[in-house]
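# Coordinate inspection notes
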Amino acid sequence: MRFNAVPITLAVISLLPLAVHASTPVHSTATPTFDWPSWLALIIFCGAMLLAILEEKTDLHKSKPLLLAAGLIWALIAWHYQGNPQMPDAESVVRNHLLQFAELMLFLLVVMTYINAMNERRLFLALHHWMVFKGFSYRQLFWLSGAISFFASPFLDNLSTPLLVGTAILTLAREHNRFVGLACINIVVATNAGGVFTPSGDLSTLMVWQHRILTPQGMLDFPNLLSLALPALLAWLVPTLLMHPFVPRGRLPQQHPEPCLRRGAFIVLLLLLATIATGITFAHYLDLPAAIGMMTGLAYLQFYGYYLKRTHQLPEHNGDLQSGPIDSPDPFDFFHGVARSQWDSLLFLAGLVLCIGGLAHLGWLASAESLLYGNFGPTTANIMIGLYSAAIENITTMLGVLAMEPQMSLGQWQLITLTTGTGGSLLAIGSVAGVVLMAQAGERYTFFSHLKWTPAIALGYFIAIAAHVWLNAALF
């Protein structure tokens, strides 16, 4: 989220106190008090989120205010409610939240390290130059960029995918503003839809999967998440088909590719897939945290990096794509990939997990759960939350839902995963992919250019929901 999100964010936050008095909570680990410490904690959180939203204007990294807010909120809870028999022990609760974050962080750190390794091996640059060499038409490139985003995001994430594909689009068609705007919208929708059905594709899906939610129909495991693939595909295809007639005709000029691919690039990609498979196997078949499997898979890259380093040879010339992969001037450094991970994002997530946990401890989320699920029912509530995630990005939204702990069927948990992931596409500020591309494209892709196509995206959103409900009627 960035500066454009401020009016909508403040409007939504201002409605939160109204939810407190709408009804009484039904599912809560704490009895809501809503005394002055509760209100002060909410004010601290809202202030921290506002600073995070204004990151580009203040040049203050978003992790700083969230970590400070987390510490202040839990210190306030521990001080004011110490010895209160009506409040669960703060120490045990906060340790549980720290454990949840540790699993998320380790999972994400492994994926980020692999992405940095593939970038260092120039795998992404090779894809870019392949697109340049082929000389596609604008309409072919429009569909190709969307397809790559949809099928790559399940294995990468919704930050790396738009950076990869968006950079290629902006390089290939930098002078064609109309095409760039439509292609960026397509990339955002495809990235968010593609990330819905795998834990490594979207952080909100990862959080749901690692929460190990048990329902009357069974646990929400990896095969159940994969069943969201068809509805997610519809969420991308419907708006893309509607945008297709407006994509300009013509063909990009064919260019000669530059040298790029480095030795071992495709092996690193295969090791990433093996690592994700290891994490899924540990979670699904061994009932171990997926982070343990992912850390095991990180060792695959460490051993292969050792091999690359021991067999490193200085290239005598740059070569080209036709002469095969070349080695880099410097030996492969595994820890360089770890160091280049998005530490600000990881620390922001730590602060966010702890802040949301503190507000849930004080009873705020229980009241919101009662308002939404108690008054509207799970289906309507899950659709509304998906729409809400268009204004407040899906990480915060999903953390709030998990903290509410609503009692839902397996189909409903699949639905909230689908709506939270695809709902962020309705507005450019609703997902990391949209924010990244707005920063990259400048005036060629803006909040309002995306807003023009919100009705088409919304149609795909509701068709995807209808498809999921129809395919899984028995789970509802």
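Figured I'd write up the structure that's included with this text. For clarity, every value in this text was computed on a predicted model and none was experimentally measured.

The rules we used
- The numbering scheme is per chain: residues are counted from 1 as the chain's sequence reads.
- At least 70 in pLDDT is required for a residue's local features to be given in this predicted model, at least 80 for side-chain atom pairs to be given and counted, and no such filter applies to totals for whole chains, interfaces and linings, which use all residues.
- Side-chain metrics rest on all non-hydrogen atoms present in the structure, leaving aside hydrogens and water.
- Segments assigned H or I by DSSP are reported as helices when at least four residues long, segments assigned E as strands when at least two residues long, and all are numbered from the N terminus.
- When checking whether two residues touch, look at their non-hydrogen atoms; a contact exists if any pair is within 4.5 Å.
- Using a 1.4 Å probe, the Shrake-Rupley method yields the accessible areas, and only the shown protein chains count as cover for residues.
- Every helix has an expected span of 1.5 Å times one less than the residues it contains.
- Three labels apply to residues, based on accessible area from a 1.4 Å probe with only protein chains included: buried if under 20% of the type maximum, exposed if over 50%, partly exposed otherwise in between.
- Think of a nonpolar core as a cluster: buried Ala, Val, Leu, Ile, Met, Phe, Trp, Tyr and Cys residues, connected wherever their side-chain atoms sit within 4.5 Å.
- We count a salt bridge whenever a side-chain nitrogen from Lys or Arg sits within 4 Å of a carboxyl oxygen from Asp or Glu.
- N or O atoms within 3.5 Å of each other form a polar contact, as long as, within protein, one can give a hydrogen and the other can take it, and as long as residues adjacent in sequence are counted only when both atoms are side-chain atoms.
- Patch membership requires more than 30% relative accessible area and the absence of a salt bridge. Residues of like charge join within 9 Å; the nonpolar side chains Val, Leu, Ile, Met, Phe, Trp and Tyr join within 5 Å.
- Classification of ring pairs rests on two measures: the distance between centres of Phe, Tyr or Trp rings, Trp counted by its six-membered ring, which must be within 6.5 Å, and the angle between planes, read as stacked under 30 degrees, edge-to-face over 60 and tilted in between.
- Lines fitted to C-alpha atoms define the axes, with helix axes restricted to the stretch in contact, and inter-axis angles between N-to-C directions lie between 0 and 180 degrees.
- An angle below 35 degrees is read as roughly parallel, one above 145 as roughly antiparallel, one from 65 to 115 as roughly perpendicular, and any other as oblique.
- By convention the crossing between two helices is left-handed if the near helix lies anticlockwise of the far one by an angle smaller than a right angle, and right-handed if it lies clockwise.
- Residues are grouped as follows: nonpolar covers Ala, Val, Leu, Ile, Met, Phe, Trp, Tyr, Cys and Pro; charged covers Asp, Glu, Lys and Arg; every other residue, Gly included, is treated as polar.
- Note: the arc covers the axis-to-C-beta directions of the helix.

## What about the overall build of the protein chain?
A count of helical and extended segments in the protein chain gives 24 helices and two strands. Long-range pairs, those at least 24 residues apart, make up 82% of the contacts in the protein chain between residues at least 6 apart in sequence. When the accessible area of the protein chain is evaluated, it comes to approximately 20,100 Å², of which 65% is carbon and sulfur surface.

## Some remarks on helix α17 (residues 343-361)
The end-to-end C-alpha distance of α17 is 27 Å, a good match for the 27 Å that 19 residues give at a rise of 1.5 Å each. Of all the 19 residues making up α17, 16 are buried; the element is thus mostly covered by neighbouring parts of the structure. G363, located one to two residues past α17, shows a positive phi value of around 100°.

## Side note on the nonpolar core
In terms of nonpolar packing, the biggest core is built from 139 residues, with F45, L66, F179, W209, L352, Y373 and Y445 touching the most fellow members. In terms of residue count, helix α6 (residues 90-120) provides more of this core than any other element does, 15 residues in total. Apart from residues no more than four positions distant in its own chain, F45 is found in contact with L66, I73, L352, C355, I356 and L359.

## Details of the pattern of salt bridges
Enumeration according to the criterion identifies three salt bridges in this entry. The partner of R121 in a salt bridge is E120, with the nearest N and O atoms 2.6 Å apart. For the pair R121 and E120, one class covers both residues: buried. The salt bridge involving E120 is made with R262; its shortest N-O contact spans 3.5 Å. Residue E120 is found in helix α6, and its partner R262 is found in the loop between α13 (229-243) and α14 (265-284); the two are separated by 142 residues along the sequence. Counted as one network, the salt bridges with shared partners bring together E120, R121 and R262.

## What to know about the side chain of T161
For T161, the position within the fold is in helix α9 (residues 160-172). Setting aside its immediate chain neighbours within four residues, T161 contacts S149, A152, S153, L156, G166 and T191.

## Some thoughts on the side chain of N192
The topology assignment puts N192 in helix α10 (residues 177-194). In terms of polar contacts, N192 uses its side chain to reach the side chain of S425, at 2.9 Å.

## Focus: a nonpolar patch on the surface
Together, W36, L40, I43 and W79 line one region of the surface with nonpolar side chains, adding up to about 480 Å² of accessible area. Of all the elements, helix α3 (residues 36-53) adds the most residues to the nonpolar patch, at three residues. Checked against the element boundaries, I43 lands in helix α3. Residue I43 is classed as exposed on the basis of its relative accessible area of 56%.

## Regarding unusual backbone geometry
Although it is not a glycine, R122 adopts a positive phi angle of roughly 65°. Locating R122 in the fold gives a position in the loop between α6 and α7 (123-134). Its relative accessible area of 28% is what places R122 among the partly exposed residues. Even without being glycine, R212 reaches a positive phi, approximately 50°. Among the structural elements, R212 can be located in the loop between α11 (203-210) and β1 (214-215).

## Observations concerning the packing of aromatic side chains
For the structure shown, the criterion picks out 12 aromatic pairs. Between the aromatic rings of F150 and F197, the centroid separation amounts to 5.9 Å while the plane-to-plane angle is 45°, which identifies the pairing as tilted. On the criterion of sequence distance, the pair formed by F150 in helix α8 (residues 138-152) and F197 in the loop between α10 and α11 is long-range, its members being 47 residues apart. Both residues of the pair, F150 and F197, belong to the buried class. Three or more aromatic residues link up through ring pairs in this structure, and these residues are F142, W143, F150, F151, F197 and W236.

## Here we look at the environment of G423
Turning to its location among the elements, G423 is positioned in helix α21 (residues 410-423). Separated by 38 residues in sequence, G423 and I385 place their C-alpha atoms 8.4 Å apart. The residues contacting G423, other than those within four sequence positions of it, are G386, S389, A390, L418 and Y461.

## A closer look at the packing of α13 against helix α24 (residues 454-471)
The angle between the axes and the distance between the axes are what describe a pair of packed helices. The contact between α13 and α24 brings their axes to 8 Å, and the two run at 150°. When the axis of α13 is compared with that of α24, the two are roughly antiparallel. The handedness of the crossing between α13 and α24 comes out as right-handed. For the pair α13 and α24, contact is made by L230, P231, L234, A235, V238, P239 and L242 and by A456, I457, L459, G460, I463, A464, A467, H468 and L471, respectively.

## So, the packing of α21 against α24
Across the interface, α21 lies against α24 with an axial gap of 11 Å and an inter-helix angle of 165°. Between α21 and α24, the angle falls in the class roughly antiparallel. Between α21 and α24 lies a crossing whose hand is right-handed. Two secondary-structure elements touch here, α21 through G411, Q414, L415, L418, T419, T422 and G423 and α24 through Y461, A464, I465 and H468. The residue makeup of the contact of α21 with α24, split by class, is five nonpolar, six polar and no charged.

## As for the environment of A193
For A193, the position within the fold is in helix α10. Spatially, the C-alpha atoms of A193 and P154 are 9.1 Å apart, while their sequence positions differ by 39 residues. Non-local contacts of A193, meaning those with residues more than four positions away in its chain, are made with F150, A232, A235, W236 and T422.

## Re helix α15 (residues 290-310)
In a regular helix each residue adds 1.5 Å, so 21 residues correspond to 30 Å; α15 covers 31 Å between its end C-alpha atoms and thus fits that length. Turning to α15, its buried residues number three or more, namely A290, A291, G293, M294, G297, L298, L301, Y304, G305 and L308. Taken around the axis of α15, the buried residues stretch over an arc of 155°, which confines them to a single face. Turned more than 90 degrees away from the buried face of α15 sit F303, Y306 and R310, all of them exposed.

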